[in-house]
Amino acid sequence: EYPGPDPPAGHYVKIGGGANEFFERDRWSDTVGDLEVWMASAGDESVADHLRDVLVSLMPTTKFLSLISKPCVTTCTDDGELQCDVLGGGSVIAVGGCQGKAAGPADAIGKAVAEEVVARL
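Since we're looking at a predicted model, the values are computed, not measured.

### Section: the overall build of the protein
Then step 1. What the protein contains, in helices and strands, is three helices and two strands.
Then step 2. Its helices and strands taken in sequence order, the protein reads α-α-β-β-α from the N to the C terminus.
Then step 3. Taking the principal axes of its C-alpha atoms as reference, the protein extends roughly 45 × 35 × 25 Å.
Then step 4. Within the span of the protein, comprising 121 residues, buried residues form 10% of the whole.
Then step 5. Of the contacts formed within the protein by residues at least 6 apart in sequence, a portion of 49% connects residues at least 24 apart.
Then step 6. On the protein, roughly 9900 Å² of surface is accessible, and the fraction owed to carbon and sulfur atoms is 57%.
Then step 7. When the 9 positive and 19 negative side-chain charges of the protein are each reduced to one mean point, those points stand 6 Å apart.

Take a look at the structure:
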């Protein structure tokens, strides 16, 4: 079940892109604060405008009721492997390292995460 607020009924399309601006290792202590600021922002307006143009060109006959842009984060690992960690005394499993490609291999990522969850039960 989706853990967030219930979205209104309808059809949704997610499209993403833009530069991956990695945090430098010597700045990792600032990462949490930087992420909080980014996720509370409206994102990058120029990237959002470009992605709207791409979406409309890919689906020219679709009459979108609204187009909403939200910031997101890409997680990568040095070795390219998916990372799963148990947090909150076992009540939360955090997943990272999707390498910015989560939409394509979503089924495989879901299976890997499910295997991690079952192994930790």
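### Considerations on the environment of Val 13
Then step 1. Here Val 13 lies in the segment before helix H1 (31–40).
Then step 2. Owing to a relative accessible area of 47%, Val 13 belongs among the partly exposed residues under this scheme.
Then step 3. A sequence separation of 104 residues divides Val 13 from Val 117, and the C-alpha atoms of the two residues are 28 Å apart.
Then step 4. With residues up to four places along the chain from it excluded, the contact list for Val 13 reads Leu 55, Met 59 and Phe 64.

### Focus: a nonpolar patch on the surface
Then step 1. Together, Trp 38, Met 39 and Val 73 make up a nonpolar patch on the protein surface, roughly 260 Å² of accessible area in all.
Then step 2. Judged by its relative accessible area of 32%, Trp 38 falls in the partly exposed class.

About the thresholds
Residues numbered from 1 in each chain as written. Predicted model: local features only at pLDDT ≥ 70, side-chain atom pairs only at ≥ 80, totals over all residues. Heavy atoms only, no water. Helix = DSSP H or I, 4+ residues; strand = E, 2+ residues; numbered from the N terminus. Buried < 20%, exposed > 50% of the residue type's maximum accessible area, 1.4 Å probe, protein only. Contact = heavy atoms within 4.5 Å. Areas by Shrake-Rupley, 256 points an atom, 1.4 Å probe, with all protein chains shown as cover. Lys, Arg positive; Asp, Glu negative; His and termini not counted. Charge placed at Lys NZ, Arg CZ, Asp CG, Glu CD. Patch = residues over 30% accessible without salt bridge, like charges linked within 9 Å, V, L, I, M, F, W, Y side chains within 5 Å. Salt bridge = Lys/Arg side-chain N within 4 Å of Asp/Glu carboxyl O.

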